[in-house]
Amino acid sequence: MDPYRRIHQELTRIGVTLAATLPDDWVGPLIGLLEADPAIIHVPVAREAEAVTICSGAFFGGVRSVAVMGNTGLLTCTGELATLNLRHQIPVFCIVSMRGSIDDHRVYQEIQGRRTIAVLDAYDFPYHIVDHPDEIGCIPDAYEACRLQKRPFILFLTRRLLKGRPA
Amino acid sequence: MKASEAMQVLAAHRGDAIAVCALGMACNEWWAATRSEETFYLHGAMGFAASFALGLALALPEQQILLINGDGSLCMNLGCLLTEAAAAPKNLKHFVIDNRVYQTVSAVPMVNRDRSDYVGIARCAGIANAIAIDNVADLDRLAPHIMASDGPYFVNLEVEAQAAHLAVPPNDYEGAELKFRFGRLLEKRLGIKVFGPQGY
């Protein structure tokens, strides 16, 4: 089974029924699976901070949700994650492509690769990196950790996981 | 129309609606008018009360949700109107307190305030039900229709900029307490589970 289907399967298993998304090319296939799933309310957004705040509102409706985006988008919404989710201790589970890694040879992803973890550490946002298909089974634990820690939690998906070795 | 008057009228017509307020004037005036704990008061994420309210509305499709937004917040995230139009939640009513200034920071004028048309922007984003109201009598007359109509419904409340405004959140609780009080209230009222068996 490809990693996107495994991730979708794990999200379904833990009861996620709402996904707010804005694509980059690495997470696009996952967004396609979420869109095609009639059991999931899929909310395409115009800006990543909408995704995290939609998920935050859904939390209070008792709905389990996920925000899906690229690494660049994550950096654009750190202010909202801090002033809403840290401020009010609202968990939000984010699945994010880990762009800018050594095997991602896109010049416009370079800064994201070098500085994202430092930014997350500065905000004290927990994260976990999934680098191999065998690790996708961590999603239920990661989701529970997000709820327990009452703050944004970033589940990074690497290039090796999603696309294999670079050409 | 003063913002406080508009809030009084909305409060009288809210029925059993749950409310979401943007930080600043919206939070301050709604709390002053209602002391409502059936409301989530965003004390951050300026621009994104609309997205928060959309998520709540999608999660609780049988529950009327009122969004009290501010014009400064709306302008910070105009894209929310596209997302709201696409998701088309029937239970979401989006009110904007439009005083054309950033009221809580010395009434600095809003960008392009003499030419902008928020109702026009909402309609062009795809929200067919979008109107402006500039007086208490019309708001009182139209509110029952707005509340009974399918959303999304966008209502621009044209209010006066005020010299004596509520500058700081007047709530006597905030932050994590606001989260837990609001969540527990929804659990009790709606019979849903927001928090898990260990309380988080």
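Structure: above.
None of these values were measured; they are calculated from a predicted model.

K.L.:
Teacher, can you tell me more about the overall build of chain A here?
P.N.:
A tally of regular secondary structure across chain A gives eight helices and six strands. Mapped in sequence order, the helices and strands of chain A form the string α-β-α-β-α-β-α-α-β-α-β-α-β-α. Its C-alpha radius of gyration of 15 Å places chain A within 12% of the 15 Å reference for a compact globule of 167 residues. Projected onto its principal axes, the C-alpha coordinates of chain A cover approximately 45 × 35 × 30 Å. Within chain A, the proportion of its 167 residues that are buried is 57%. Within chain A, counting contacts between residues at least 6 apart in sequence, those at least 24 apart form 77% of the total. Roughly 6700 Å² of accessible area belongs to chain A as shown, and the carbon and sulfur atoms make up 53% of that amount.

K.L.:
What am I meant to see in the interface of chain B and chain A here?
P.N.:
One widely used convention gives an interface's size as the accessible area the parts lose upon coming together. Across the contact, 34 residues belong to chain B and 31 residues belong to chain A. Here chain B packs against chain A, burying approximately 2600 Å² in sum over the two surfaces, 67% of which is carbon and sulfur. Taken as a group, Phe48, Lys179 and Tyr200 of chain B account for 26% of the area that chain B buries against chain A, more than any other trio of residues on that side. Scanning the region where chain B abuts chain A turns up one salt bridge. We note a salt bridge from glutamate 174 of chain B to arginine 87 of chain A, for which the minimum N-O separation is 2.1 Å.

K.L.:
I would appreciate a short explanation of the sheet that holds strand E7 (residues 129-133) of chain B in the present structure.
P.N.:
The strands that make up a sheet are held in pairs by hydrogen bonds between backbone atoms, and each pair lies either parallel or antiparallel. Residue and element names in this part refer to chain B. The strand order across the open sheet built from six strands is E2-E1-E3-E4-E8-E7, with neighbouring strands paired in parallel fashion. In this open sheet, the two edge strands, each paired with only one partner strand, are strand E2 (39-41) and E7. Going from strand to strand, the sheet's axes swing by 15° on average, the running direction of each strand aside. Along the sheet, helix H3 (residues 49-59) contacts strand E1 (18-21), E2, strand E3 (65-70) and strand E4 (92-98); its crossing angle with E3, the most-contacted strand, is approximately 175°.

K.L.:
Help me understand the packing of helix H3 (residues 48-60) of chain A against H3 of chain B in this model?
P.N.:
Relative placement of two packed helices is described by the angle separating their axes and the distance separating the axes. It is at 6 Å that the axes of H3 of chain A and H3 of chain B come closest, and there the two elements cross at 45°. By the criterion of interaxial angle, the relationship of H3 of chain A to H3 of chain B is oblique. Crossing hand, H3 of chain A versus H3 of chain B: right-handed. The segment H3 of chain A lies against H3 of chain B, with Glu50, Thr53, Ile54, Ser56, Gly57, Ala58 and Phe60 of chain A engaging Ser51, Phe52, Leu54, Gly55, Leu56 and Ala59 of chain B.

Conventions and cut-offs
Residues numbered from 1 in each chain as written. Chains lettered and ligands numbered in written order. Predicted model: local features only at pLDDT ≥ 70, side-chain atom pairs only at ≥ 80, totals over all residues. Heavy atoms only, no water. Helix = DSSP H or I, 4+ residues; strand = E, 2+ residues; numbered from the N terminus. Rg over C-alpha atoms; globule rule 2.2 N^0.38 Å. Buried < 20%, exposed > 50% of the residue type's maximum accessible area, 1.4 Å probe, protein only. Contact = heavy atoms within 4.5 Å. Areas by Shrake-Rupley, 256 points an atom, 1.4 Å probe, with all protein chains shown as cover. Buried area = accessible area lost by both parts, 1.4 Å probe. Salt bridge = Lys/Arg side-chain N within 4 Å of Asp/Glu carboxyl O. Pairing = 2+ DSSP bridges. Axes fitted to C-alpha atoms, helices over the stretch in contact; angles between N-to-C directions. Parallel < 35°, antiparallel > 145°, perpendicular 65-115°, else oblique. Left-handed = near helix turned anticlockwise from the far one by under 90°.

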